[in-house]
Amino acid sequence: MKVTILGYWGGYPINNEGTSSYLIESEGFHLLVDAGSASLIALENHLDPLELDALILSHYHHDHIADVGVLQFMRQLKRKNNGEDRAPLLPIHAHTENPEGFKALTMDLVSEGVAYKEEDKVAIGPFEITFMRTLHPVPCFAMRIEEIKTGKVVVYTADSGFLPEFIPFSQNADVLLADTNFFEGMENHRVHMTAVEVGRIATKAGVKKLVLTHLPQTGDLELLKAQAINHAPDVDIVLAKKDLTIEL
Ligand code: ZN
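Residues numbered from 1 in each chain as written. Predicted model: local features only at pLDDT ≥ 70, side-chain atom pairs only at ≥ 80, totals over all residues. Heavy atoms only, no water.

In this section: the overall build of the protein chain. Across its full length, the protein chain carries seven helices and 17 strands. The globule rule puts the C-alpha radius of gyration for 248 residues at 18 Å, and the 17 Å found for the protein chain is close to it. A buried classification covers 56% of the 248 residues belonging to the protein chain. Of the accessible surface of the protein chain, which amounts to about 10600 Å², a share of 51% is contributed by carbon and sulfur atoms. Each charge class in the protein chain was averaged separately, 21 positive and 35 negative side chains, and the resulting centres sit 2 Å apart. (Helix = DSSP H or I, 4+ residues; strand = E, 2+ residues; numbered from the N terminus. Rg over C-alpha atoms; globule rule 2.2 N^0.38 Å. Buried < 20%, exposed > 50% of the residue type's maximum accessible area, 1.4 Å probe, protein only. Areas by Shrake-Rupley, 256 points an atom, 1.4 Å probe, with all protein chains shown as cover. Lys, Arg positive; Asp, Glu negative; His and termini not counted. Charge placed at Lys NZ, Arg CZ, Asp CG, Glu CD.)

The structure is reproduced here in structure tokens:
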């Protein structure tokens, strides 16, 4: 199982790097988790986007779905080669609590919205995915992505303020991709988490590797990391970076 970070800034892209998007691969299956701004061009460095097998979305904020439309157009324009269809319908898994957003995921011959609910256990290729509703201004779901064959687990908090439920949800995860949009001092915010909160989750859940992501554009990111380390001294902690690849 391999995780590649395609974009990691919160809210908007900066310095030629984009917002939330993660490529998760196993056994030749390519799953994209969120498709933020600049994620399509970042994906092209790793994979022909025609080879993407599925996309799953946590919520409908622009910094998580900005490139869904251009991914659809790209597959629409490139799928025919000498009359041969090179790309099957792309399943886009998402919740339906934003009916207009969900509807836009289906495009004739190109992509198809596939609904998930919080209580579902969804099999997508070699992965099994469970969900947890987060604390955010719009409906948003964290994901626990397990590689069925090995039992390896990646947990993605998506966007959220702190919830104690993240501790059982992240239990023994090999990798935790955690919304760390805020520095220490902003705890109990209702939209995003701080370095302190994600550090505590990682420690209490026994997470092996914590990736700080959905990062703020202002402030010293090394300080953000140090704040997380203070609360998770035994966890391997890294700052998200474009094209960072984690093998597990
Ligand atoms: Zn959001």
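Having seen the model, we can carry on.
The next thing to look at is the packing of aromatic side chains. Where two aromatic rings form a pair, the distance of their centres and the angle of their planes describe that pair. Counted according to the given criterion, the structure contains five aromatic pairs. Relative to Trp 9, the ring of Tyr 8 lies with its centre 4.8 Å away and its plane at 35°, an arrangement referred to as tilted. Residue Trp 9 is classed as buried on the basis of its relative accessible area of 7%. Each ring, one from Tyr 116 and one from Phe 141, has its centre 5.7 Å from the other, and the planes form 85°; the classification is edge-to-face. Placement of the pair is Tyr 116 in the loop between strand S9 (111–115) and strand S10 (121–124) and Phe 141 in strand S12 (residues 141–147), with a sequence separation of 25 residues. (Phe/Tyr/Trp six-rings, centres within 6.5 Å; stacked < 30°, edge-to-face > 60°.)

Further remarks concern the pairing of strand S11 (residues 127–133). When S10 meets S11, the two strands line up antiparallel, connected through four bridges. The partner of Ile 124 across the bridge, within S11, is Phe 127. In sequence, S10 turns back onto S11 through a hairpin of two residues, with Gly 125 there showing a positive phi of about 55°. (Pairing = 2+ DSSP bridges.)

At 2.2 to 2.3 Å from the zinc ion lie its protein donor atoms, namely His 59 (NE2), His 61 (ND1), His 136 (NE2) and Asp 159 (OD). In this structure, the zinc ion is coordinated by four donor atoms arranged in irregular fashion, with angles at the metal of 89 to 168°. In terms of primary sequence, the donors binding the zinc ion are separated according to H-x1-H-x74-H-x22-D. Remark: Asp 159 occurs in the loop between strand S13 (153–156) and helix H5 (166–169) and His 61 occurs in the loop between strand S5 (54–56) and helix H2 (62–65); sequence separation between them is 98 residues. A relative accessible area of 26% places His 61 in the partly exposed class. (Donors = N, O, S within 2.8 Å, 3.2 Å for Na, K, Ca; no water. Tetrahedral: all angles 85-135°; square planar, octahedral: opposite > 155°, others 65-115°.)

Just geometry here; none of it tells us what the structure is for.
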